[in-house]
Amino acid sequence: MNALMLFLAVIGRLMLDTLGAIGRVSQFTARAVSHIVRPPFYPREFANALMNIGWLSLPVVGLTAVFTGGALALQIYAGGARFNAEAVVPQIVAIGIVRELGPVLVGLMIAARVTSSIAAEIATMKVTEQIDALVTLSTNPMKYLVAPRVLAAFITVPMLVAVGDVIGIAGGYLVGVQNLGFNAAAYLQNTVDFLEPIDIISSLVKGAAFGVIASVMGCYYGMSSGRGAQGVGRATKGSVEAAAVLLLAANFLLTGIFFSV
Amino acid sequence: MIRMENVHKAFGSNQVLRGMDLNIPRGSSMVIIGGSGTGKSVALKCILGLIQHDEGKIFVDGKETGTGDRDAFLARFGMLFQGGALFDSLPVWQNVAFRLLRGSLMRPLEEAREIAIDKLRRVGLRANVADLLPAELSGGMQKRVGLARAIAAEPEIIFFDEPTTGLDPIMAGVINDLIREIVTEMGATAMTITHDMSSVRAIADNVAMLHDGVIQWTGPVGDMDQSGDPYLDQFIHGRAEGPIEAVR
Ligand SMILES: Nc1ncnc2c1ncn2[C@@H]1O[C@H](COP(=O)(O)OP(=O)(O)OP(=O)(O)O)[C@@H](O)[C@H]1O
Ligand SMILES: [Mg+2]
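Residues numbered from 1 in each chain as written. Chains lettered and ligands numbered in written order. Predicted model: local features only at pLDDT ≥ 70, side-chain atom pairs only at ≥ 80, totals over all residues. Heavy atoms only, no water.

With respect to the overall build of chain B
Right, on to step 1. Tallying secondary structure elements over chain B gives eight helices and 10 strands in all.
Right, on to step 2. Overall, the C-alpha framework of chain B stretches about 55 × 40 × 35 Å when taken along its three principal axes.
Right, on to step 3. Here chain B, with 248 residues, has 54% of them falling under the buried criterion.
Right, on to step 4. For chain B, contacts bridging at least 24 residues in sequence account for 63% of all contacts bridging at least 6.
Right, on to step 5. Accessible area for chain B stands at about 10800 Å²; split by element, carbon and sulfur atoms hold 49% of it.
Right, on to step 6. Taking the 25 positively charged and 32 negatively charged side chains of chain B as two groups, their mean positions are separated by 3 Å. (Helix = DSSP H or I, 4+ residues; strand = E, 2+ residues; numbered from the N terminus. Buried < 20%, exposed > 50% of the residue type's maximum accessible area, 1.4 Å probe, protein only. Contact = heavy atoms within 4.5 Å. Areas by Shrake-Rupley, 256 points an atom, 1.4 Å probe, with all protein chains shown as cover. Lys, Arg positive; Asp, Glu negative; His and termini not counted. Charge placed at Lys NZ, Arg CZ, Asp CG, Glu CD.)

Observations concerning the coordination of the magnesium ion (ligand 2)
Residues and elements named next belong to chain B.
Right, on to step 1. The protein atoms donating to the magnesium ion (ligand 2) are Ser41 (OG) and Gln82 (OE1), with metal-donor distances spanning 2.0 to 2.2 Å. Residue serine 41 is found in helix α1 (residues 40-48), and its partner glutamine 82 is found in the loop between β6 (77-80) and α3 (92-96); the two are separated by 41 residues along the sequence.
Right, on to step 2. Note on glutamine 82: relative accessible area 35%, which makes it partly exposed. (Donors = N, O, S within 2.8 Å, 3.2 Å for Na, K, Ca; no water.)

A few points about the packing of helix α4 (residues 89-127) of chain A against helix α8 (residues 197-223) of chain A
All names here are of chain A.
Right, on to step 1. Packing of α4 against α8 leaves a shortest axis separation of 7 Å and a crossing angle of 20 degrees. With respect to α8, the element α4 is oriented roughly parallel. The two elements α4 and α8 cross, and the hand of that crossing is right-handed.
Right, on to step 2. Along the lines of polarity and charge, the residues of the contact of α4 with α8 split into 14 nonpolar, six polar and five charged. (Axes fitted to C-alpha atoms, helices over the stretch in contact; angles between N-to-C directions. Parallel < 35°, antiparallel > 145°, perpendicular 65-115°, else oblique. Left-handed = near helix turned anticlockwise from the far one by under 90°. Nonpolar A, V, L, I, M, F, W, Y, C, P; charged D, E, K, R; others polar.)

With respect to the environment of methionine 20 of chain B
Residues and elements named next belong to chain B.
Right, on to step 1. Mapping methionine 20 onto the fold places it in strand β2 (residues 14-24).
Right, on to step 2. Taking the C-alpha atoms as reference points, methionine 20 and glutamine 216, 196 residues apart in sequence, are found 9.3 Å from one another.
Right, on to step 3. When neighbours within four sequence positions are excluded, methionine 20 is seen to be in contact with Met4, Glu5, Asn6, Val7, Ala43, Leu210, Gly213 and Ile215.

Remarks on the domain arrangement of chain B
All names here are of chain B.
Right, on to step 1. Domain annotation of chain B identifies domain 1 (1-76 + 156-175 + 188-207) and domain 2 (84-154).
Right, on to step 2. Taking only C-alpha atoms, the centre of domain 1 and the centre of domain 2 are 23 Å apart.
Right, on to step 3. Contacts between the two partners involve 14 residues from domain 1 and, on the opposite side, 11 residues from domain 2.
Right, on to step 4. Here domain 1 packs against domain 2, burying approximately 850 Å² in sum over the two surfaces, 68% of which is carbon and sulfur.
Right, on to step 5. Taken together, domain 1 and domain 2 are joined by zero salt bridges. (Domains from an automatic or database assignment. Buried area = accessible area lost by both parts, 1.4 Å probe. Salt bridge = Lys/Arg side-chain N within 4 Å of Asp/Glu carboxyl O.)

With respect to the interface of chain B and chain A
Right, on to step 1. Between chain B and chain A, the contact holds 22 residues from the first and 15 residues from the second.
Right, on to step 2. Carbon and sulfur atoms make up 58% of the surface buried where chain B meets chain A, a total of about 1600 Å² over both sides.
Right, on to step 3. Linking chain B to chain A there are one salt bridge.
Right, on to step 4. Among the salt bridges present, the one from lysine 45 of chain B reaches glutamate 129 of chain A, with a minimum N-O distance of 2.5 Å.

Notes on unusual backbone geometry
Right, on to step 1. Following proline 39 of chain A, the chain continues into proline 40 of chain A via a peptide bond in cis, with omega recorded as 0 degrees.
Right, on to step 2. Phi angles above zero are rare outside glycine, and glutamate 154 of chain B is one such case at about 50 degrees.
Right, on to step 3. Summarising the element assignment, glutamate 154 of chain B is placed in the loop between α5 (139-152) and β7 (157-161).
Right, on to step 4. The backbone phi angle of glutamate 162 of chain B is positive, close to 55 degrees, even though this residue is not glycine.
Right, on to step 5. Relative to the helices and strands, glutamate 162 of chain B is located in the loop between β7 and α6 (169-186).

Observations regarding a nonpolar patch on the surface
Right, on to step 1. Together, Leu4, Phe7, Leu8, Ile11 and Met15 of chain A make up a nonpolar patch on the protein surface, roughly 500 Å² of accessible area in all.
Right, on to step 2. As for its position among the elements, leucine 8 of chain A is in helix α1 (residues 2-37). (Patch = residues over 30% accessible without salt bridge, like charges linked within 9 Å, V, L, I, M, F, W, Y side chains within 5 Å.)

Some points on the site of ligand 1
Right, on to step 1. Taken together, the neighbourhood of ligand 1 is formed by 15 residues, with Ser36, Gly37, Lys40, Ser41 and Gln82 of chain B sitting nearest.
Right, on to step 2. In this structure ligand 1 sits where residues from chains A and B come together.
Right, on to step 3. Note that an oxygen atom of ligand 1 is positioned 2.9 Å from one of the backbone N or O atoms of valine 42 of chain B.
Right, on to step 4. Between ligand 1 and glutamine 82 of chain B, the relevant distance is 2.7 Å, taken from an oxygen atom to a side-chain nitrogen or oxygen of the residue.
Right, on to step 5. Taking 640 Å² as the accessible area of ligand 1 by itself, protein coverage stands at 70%.
Right, on to step 6. Among the elements of the structure, β2 and α1 of chain B are those that each provide at least two residues to the shell around ligand 1. (Near = heavy atom within 4 Å. Polar contact = N/O pair within 3.5 Å; in protein donor to acceptor, adjacent residues only side chain to side chain.)

Things to note about helix α8 (residues 230-237) of chain B
Residues and elements named next belong to chain B.
Right, on to step 1. Considered for burial, the residues of α8 that qualify are Leu232, Asp233, Gln234, Phe235 and Ile236.
Right, on to step 2. Contact partners of the buried residues in α8: β3 (29-34), α7 (197-203), β9 (206-211) and β10 (214-220).
Right, on to step 3. One or two positions beyond α8, positive phi appears at glycine 238, with a value near 60 degrees.

Laid out in structure tokens, this is it:
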């Protein structure tokens, strides 16, 4: 009986904590969005964020995508050969990359690269009183630090996903044409014919959602960091974990919404 | 100009302020002394609203803090943080001119830079540090950049949290003179935390000693030596023996 009560108490506490966290994150996101649309704006901060989140992520996104596309082509070829379906490589690579792997892998790379750096930077600013200093200099940290990063991620991550999609398909194409003996023109034709607008739209929508998740998690954990170096470490770790898990959950949800019929 | 009434603040079970009362007249220089960890920095942050106090009231110009326009409220203040709190992504001059580069006090870029370099000179730093990053400066130089930033927009009320800690005696003298000058010439109201008794004598109009979460003694700096208060006496003479325990 006692053990059961304890168990229920633990579950209850966990649920309350989770609900509380969801509430705080939602409120934080709402505040971030409200600061994106209200002046004053900080164009220089925004430009920096575009640079850091978008442009500087291109190499890692490109490399991730090209290898994944190539591996996918090899797998589908080998798997398809078991029931004489080798010919579907272009179509499956296209759909696999554009619908799922492109957005998810780009999202996870952004969580690793951008979420962690945002969280570490803001948490360090918090523990060295730089956030307090911002406030005393009449600058709202939500506006100055958070809003530009979230907006930049919202804009650039879909673009990164688009780039990742193209490069991923190109990776499959290279492997298909070079190693698996596909005809180059036919491969491209098959890819283009097979993809529907909804595939591409879903890919970009996922990108935008993942961008918001990744940047909000970095900012949220950074702003709520504890004290000292340990606080910064915890914030960084927590932000990447939360961003990765939320992003995959959101991916599942969005896939359901777009493709369940 | 600043009045604290019965201010309480605890962090968890750690009762830091237990009913602090303080009154700082306009245009005067108040120095807060007190043992390490007694809550001097916390008191400053409560006035600025960076930390919410649990109980009691704080008034600035007769208006309770936390009510009314926060931007307008903060625009009247300058603050030097104990750790400097410079923005490490921005070069020194942009740190100093931070307020002048955005928001309601925005000036043209060239003018903001000139003001920054002038303020740097006033804290004893040459113009060639203007383009360095804070991480490239020594601790004492960072402190002085923080000081320059606090005074850059010529605020009415300035808080200095240990302005001379980590400075050599000559530079400490320069900073003491500067703070005195800001109060007497610009008519600012200053609140300074320091552990340096020569600074206290150089800067203060009034002194308040914080101990055990309350103001143990307060009065004009001239009365400090004949206060007859055993706590204050022990503190200003730096004696290990006395009512204040050495282990806190
Ligand atoms: N953000 C915070 N969270 C939890 N505890 C805090 C926080 N800020 C300060 N404290 C605690 O409040 C107490 C007073 O700290 P404060 O920084 O005001 O001391 P101080 O009087 O300025 O000391 P010093 O002269 O060493 O700077 C300390 O015990 C400290 O641990
Ligand atoms: Mg302090």
